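Descriptive structure summary
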2 protein chains.
Amino acid sequence: VAVFTPVTEEEVSALLKDYSVGALKELRAIESGIENTNYFVTTSEGEFVLTLFEVLQREELPFYLNLMAHLASHGIACPRPIASLENEYLAALKGKPASLVSRLQGHSVIAPTAHQCARVGKLLANMHLAARSYTAVMENPRGPVWWHFAYERVGPYLAADERDLLQNELRFQRAHRELALPRAVVHADLFRDNVLFNGEDIGGVLDFYFAGNDALLFDIAVAVNDWCLVPAHEDEAKRTAALVGAYDEVRPVSAEERQAWPVMLRSGALRFWLSRLYDYHLPRPGHLLKPHDPNHFKNVLEQRRSAPPRWPD
Amino acid sequence: VAVFTPVTEEEVSALLKDYSVGALKELRAIESGIENTNYFVTTSEGEFVLTLFEVLQREELPFYLNLMAHLASHGIACPRPIASLENEYLAALKGKPASLVSRLQGHSVIAPTAHQCARVGKLLANMHLAARSYTAVMENPRGPVWWHFAYERVGPYLAADERDLLQNELRFQRAHRELALPRAVVHADLFRDNVLFNGEDIGGVLDFYFAGNDALLFDIAVAVNDWCLVPAHEDEAKRTAALVGAYDEVRPVSAEERQAWPVMLRSGALRFWLSRLYDYHLPRPGHLLKPHDPNHFKNVLEQRRSAPPRWPD
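Computed from a predicted model, the values in this text were never measured in an experiment.

This brings us to the overall build of chain A. A tally of regular secondary structure across chain A gives nine helices and nine strands. Computed over C-alpha atoms, the radius of gyration of chain A comes to 20 Å, within 12% of the 20 Å expected from 2.2 N^0.38 for 313 residues, which places it in the range of a compact globule. C-alpha atoms of chain A, sized along the principal axes, occupy 55 × 45 × 35 Å. Buried residues in chain A amount to 57% of all 313 residues. Counting every atom, chain A has about 13400 Å² of accessible surface; 52% of that belongs to carbon and sulfur. On chain A, the mean spot of the 32 positive side-chain charges and the mean spot of the 40 negative ones are 3 Å from each other.

If you want it as structure tokens, here you go:
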């Protein structure tokens, strides 16, 4: 269900003539995509991933492709866009914008260990250090402006108590979400399925298509809300301390950021509750994927509200 | 003998603070360097090579580092320079220019198979396709201008028959080396020790510090003179046909290039005979490495003169 635009070997072979990556040896659909069409492309010169962009528009893509190239050139293990013979990262196939990127090795982890959480914390901090010299700017497209837009659209579908909770949280965030924290382009979607591991070593970080400028702390909060609350909240404190402690070793977190931590964890939960409500109640026409259960992030938000965690010391 | 400037873990750890590659986990000297000091650097985020440049000057290095970045961004498996937090590929350590690059996996091959020669041919052709969009220009520093300089310096050390052979070949090249062939920045030193293999797959291509603008055909000739004449000329024709045929599939070679092939094979032999004579008779002060035997390339040149090979069909 996750290949939205099928492509043939002939079509990919023709595309590859515009690159210096050799001839096609193998083409294999990646079934796990949720927004784009992705294929593994193996050539005489290496292994790549071909993406056909189904939602993002052509003019939006250079921000992301240049970001990935920037991070990779700073040693971050992420997909590197491959330039064509015309020196372009962006191509077209079947009427869709397309790009070829290097393929990373590894598997995502469903039940991460504390050690793996620490590795993610280090990776995230190094990614933030590297992102600070990226000069293009785009506000987090799923930031506060979007929350209010999404709330207005999904509100009519919700029970009164859910609407109240959202409204209350939006008001709280407007009053308390600190704007003066250190900022840069952040990944903003660093869930377990976007990090590949080879055993205990990081294989790389994927899927930068929700990246945008926001507080670095927001990125940590999004990651902690996913990496450290699974499964069944077991060892949450240990995993959180591991991720956050490893991060802090690479990029020391300021007193202001520590203080903002409980608010930011809530804002991370709010953002994903809203987007999942939106995808659930207002699915894209023709979009066949079963949406995520929105309730998970409602629960996370309620947990973050009722027991505000302090930054671990 | 091949670590000219030893560095300590403390010094490398301090340097790494200027990067987003994580903290030092392991530092290991690479003993096989012949011009520069090289270390394997393993950090929490990956494996890298640190090079301290012993001969090239700081202002000469951007040409090479940007070339490697350009080729890597076009999908060529070569070391990728890692940018610092200040967005610089070039650093300094122990008073030497230094750079950190990604580490490639694999081993060089002493007795390549015809299949491995074909892989090198494809790699070389793809490298040439990618190099054509590299905009910086620097004449091959070991091209015809340098041959005449080197001949004047080493001439006095040579026996009369060697001097005659050199003089004769220089005259021949001046008259016949075709200047109108397709050109770009070429590797110009694609010997067996500069290509890593993982079994039959290419791991990558190393050591771009002799790269410069020259005929693409010169690059092929240098590679064939090394990859296809070993060991003891056995199967030379088969290996040459494999390398050259695979190259031609990726970048079709013109009629003019085919015609220039015998001359270019001689020019590839001449270039390395001269540089080995130079290093033998005029070693750099304090340079401890045993120079290569110059006679090997004298023999190659004589062989190329007495039995001029045609481009295989």
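Residues and elements named next belong to chain A. Spatial strand order, β1-β2-β3-β5-β4: five strands in an open sheet with antiparallel pairing. What marks the edges here is a single partner per strand, and that holds for β1 (24-30) and β4 (91-93). Across the sheet, the mean angle separating the axes of adjacent strands is 35 degrees when strand polarity is ignored. Against the sheet, helix α1 (residues 9-16) engages β1, β2 (37-43), β3 (46-52), β4 and β5 (96-102), with an angle of about 120 degrees to β1.

We now examine the state of the cysteines. As used here, a disulfide is simply a covalent bond connecting the sulfur atoms of two cysteines. Residue and element names in this part refer to chain A. Tallied over the entire structure, the rule returns zero disulfides over all chains. A disulfide-free cysteine, C228 has its sulfur positioned 4.4 Å from the sulfur of C117, the nearest such atom. C228 gets classed as buried once you look at its relative accessible area, which sits at 0%.

Turning to the sheet that holds strand β4 (residues 91-93) of chain B, a few remarks are in order. What links the strands of a sheet is backbone hydrogen bonding, and the strands pair in either a parallel or an antiparallel sense. Residue and element names in this part refer to chain B. Strand order in the open sheet formed by five strands is β1-β2-β3-β5-β4, with antiparallel pairing between adjacent strands. Each edge of the open sheet carries a strand with a single partner, namely β1 (24-30) and β4. Strand after strand, the sheet turns through a mean of 35 degrees between neighbouring axes, direction not considered. With six bridges connecting them, β1 and strand β2 (residues 37-43) associate as antiparallel partners. Residue pairing in the sheet places E26 in a bridge with T42 of β2.

What follows is about the interface of chain B and chain A. Opposite the 28 residues of chain B that make contact, chain A presents 28 residues. In total, chain B and chain A occlude about 2200 Å² of area from one another, counting both sides; carbon and sulfur atoms represent 43% of this. When the buried surface of chain B facing chain A is broken down by residue, S20, E45 and H74 of chain B rank first, second and third, together holding 26% of it. The tally of links from chain B across to chain A stands at two salt bridges. Here R119 of chain A ties to E45 of chain B by a salt bridge, and the two come within 3.6 Å at their closest N and O atoms. Linking chain B to chain A there are 19 residue pairs in polar contact (both at pLDDT 80 or more). Contributions of two or more residues to the side of chain B that touches chain A are made by α2 (61-73) and α3 (114-131) of chain B. Examining the composition of the side of chain B that touches chain A, we find that six residues originate from one element, α3 of chain B, more than from any other. Residues that form the side of chain B that touches chain A fall into these classes: 13 nonpolar, eleven polar and four charged.

What follows deals with the environment of V49 of chain A. All names here are of chain A. Here V49 shows up in strand β3. You can call V49 buried: its relative accessible area is 12%. Apart from residues no more than four positions distant in its own chain, V49 is found in contact with I30, N38, Y39, F40, S99, L100, V101 and R103.

Now for the confidence of the model for chain A. If pLDDT is low for a region, its predicted coordinates should not be looked at in detail. Taken as a whole, chain A shows an average pLDDT of 94; of its residues, 96% reach a score of 70 or greater. Taken over the whole predicted complex, pTM reads 0.92, whereas the ipTM for its chain interfaces reads 0.88.

Bringing the packing of aromatic side chains into the picture now. Counted under the stated rule, the structure contains 22 aromatic pairs over all chains. Seen from their ring centres, F63 of chain A and Y134 of chain A are 5.7 Å apart, and the 65 degrees between their planes marks the pair as edge-to-face. Taken together, the positions of F63 of chain A in helix α2 (residues 61-73) and Y134 of chain A in the loop between α3 (114-131) and α4 (144-154) put the pair 71 residues apart, joining distant regions of the chain. Centroid distance W146 of chain A to Y278 of chain A: 6.0 Å. Interplanar angle 55 degrees. Geometry classified as tilted. Of this pair, W146 of chain A sits in helix α4 while Y278 of chain A sits in helix α8 (residues 255-281), and the two are 132 residues apart along the sequence. Taken as a pair, W146 of chain A and Y278 of chain A share a single burial class, namely buried. The rings of F53, F63, Y64, Y134 and Y209 of chain A are connected pair by pair, giving a single aromatic cluster. Of note, R266 of chain B hangs over the ring of F172 of chain B, and the distance from its end group to the ring centre comes to 3.5 Å. One cation-aromatic arrangement involves R271 of chain B over F272 of chain B; the distance from NZ or CZ to the ring centre is 3.8 Å.

Residue and element names in this part refer to chain B. Where helix α5 (residues 160-176) contacts helix α8 (residues 255-281), the two axes come as close as 11 Å, and the packing angle between them is 135 degrees. Between α5 and α8, the angle falls in the class oblique. In terms of crossing hand, the pair formed by α5 and α8 is left-handed. In this structure, α5 uses E162, L165, L166, E169, L170, F172, Q173 and H176 to contact α8, whose residues at the interface are V263, R266, S267, L270, W273, L274 and L277. In the contact of α5 with α8, the residues fall into nine nonpolar, three polar and three charged.

With an RMSD of 0.0 Å, chain B superimposes on chain A once it is rotated by 180 degrees and translated 0.0 Å along the axis. Between the two chains, the operation in question is that of a two-fold axis. Distance from the rotation axis, computed per C-alpha, reaches its smallest value in chain B at S73 of chain B: 4.7 Å. Comparing contact sets, 100% of the residues at the interface of chain B also lie at the interface in chain A, consistent with an isologous, same-surface contact.

Each value, and the rule that gives it
Chains are numbered independently. Their residues run from 1 in the order of the written sequence. Naming scheme: in the order in which they are written, chains are lettered from A and ligands are numbered from 1. Per-residue local features are limited, in this predicted model, to residues with pLDDT of at least 70; the limit for side-chain atom pairs, both in listing and counting, is 80 or more; totals at the level of whole chains, interfaces and linings are taken over all residues. With hydrogens and water set aside, each side-chain value is computed from the structure's full complement of heavy atoms. Strands are runs of DSSP state E lasting at least two residues, helices are runs of H or I lasting at least four, and both sets are numbered from the N terminus onward. Each radius of gyration reported is based on C-alpha atoms, and the globular scaling rule is 2.2 Å times the count of residues to the power 0.38. Three labels apply to residues, based on accessible area from a 1.4 Å probe with only protein chains included: buried if under 20% of the type maximum, exposed if over 50%, partly exposed otherwise in between. Only the protein chains shown count as cover for residues, with accessible areas throughout obtained via the Shrake-Rupley method and a probe of 1.4 Å. Only four residue types enter the tally: Lys and Arg on the positive side, Asp and Glu on the negative side, with His and both chain ends excluded. One atom stands in for each charge, and that atom is NZ of Lys, CZ of Arg, CG of Asp or CD of Glu. In this scheme, strands are said to pair when DSSP sees at least two bridges between them. Inter-axis angles, ranging from 0 to 180 degrees, are taken between N-to-C directions of lines fitted to C-alpha atoms, where helices are fitted over the stretch in contact. Pairs of residues are marked as contacts when any of their non-hydrogen atoms sit within 4.5 Å. Disulfides are defined in this document as cysteine sulfur pairs within 2.5 Å. Buried area is understood as the total, over both parts, of accessible area removed when two parts are fitted together, assessed with a 1.4 Å probe. Whenever a carboxyl oxygen of Asp or Glu lies within 4 Å of a side-chain nitrogen of Lys or Arg, that contact is scored as a salt bridge. Between N or O atoms, a polar contact is any pair within 3.5 Å; within protein, one atom must be a potential hydrogen donor and the other a potential acceptor, and residues adjacent in sequence are included only when both atoms are from side chains. Polar here means any residue outside two lists: the nonpolar Ala, Val, Leu, Ile, Met, Phe, Trp, Tyr, Cys and Pro, and the charged Asp, Glu, Lys and Arg; Gly therefore counts as polar. pLDDT: the predictor's confidence for each residue, scored from 0 to 100. Stacked, tilted and edge-to-face are the three classes assigned to paired rings of Phe, Tyr and Trp, where Trp is represented by its six-membered ring and a pair needs centres within 6.5 Å; plane angles under 30 degrees give stacked, over 60 edge-to-face, the rest tilted. A ring is considered to have a charge above it if a Lys NZ or an Arg CZ atom is located within 6 Å of its centre and within 35 degrees of its normal. Oblique is the label for every angle not falling under 35 degrees (roughly parallel), over 145 degrees (roughly antiparallel), or within 65 to 115 degrees (roughly perpendicular). It is the rotation of the near helix from the far one that decides the hand of a crossing: anticlockwise by less than a right angle makes it left-handed, clockwise makes it right-handed. Residues below a pLDDT of 70 in either copy are left out; the C-alpha atoms of the rest, at least 70 in both, set the least-squares superposition of the copies.

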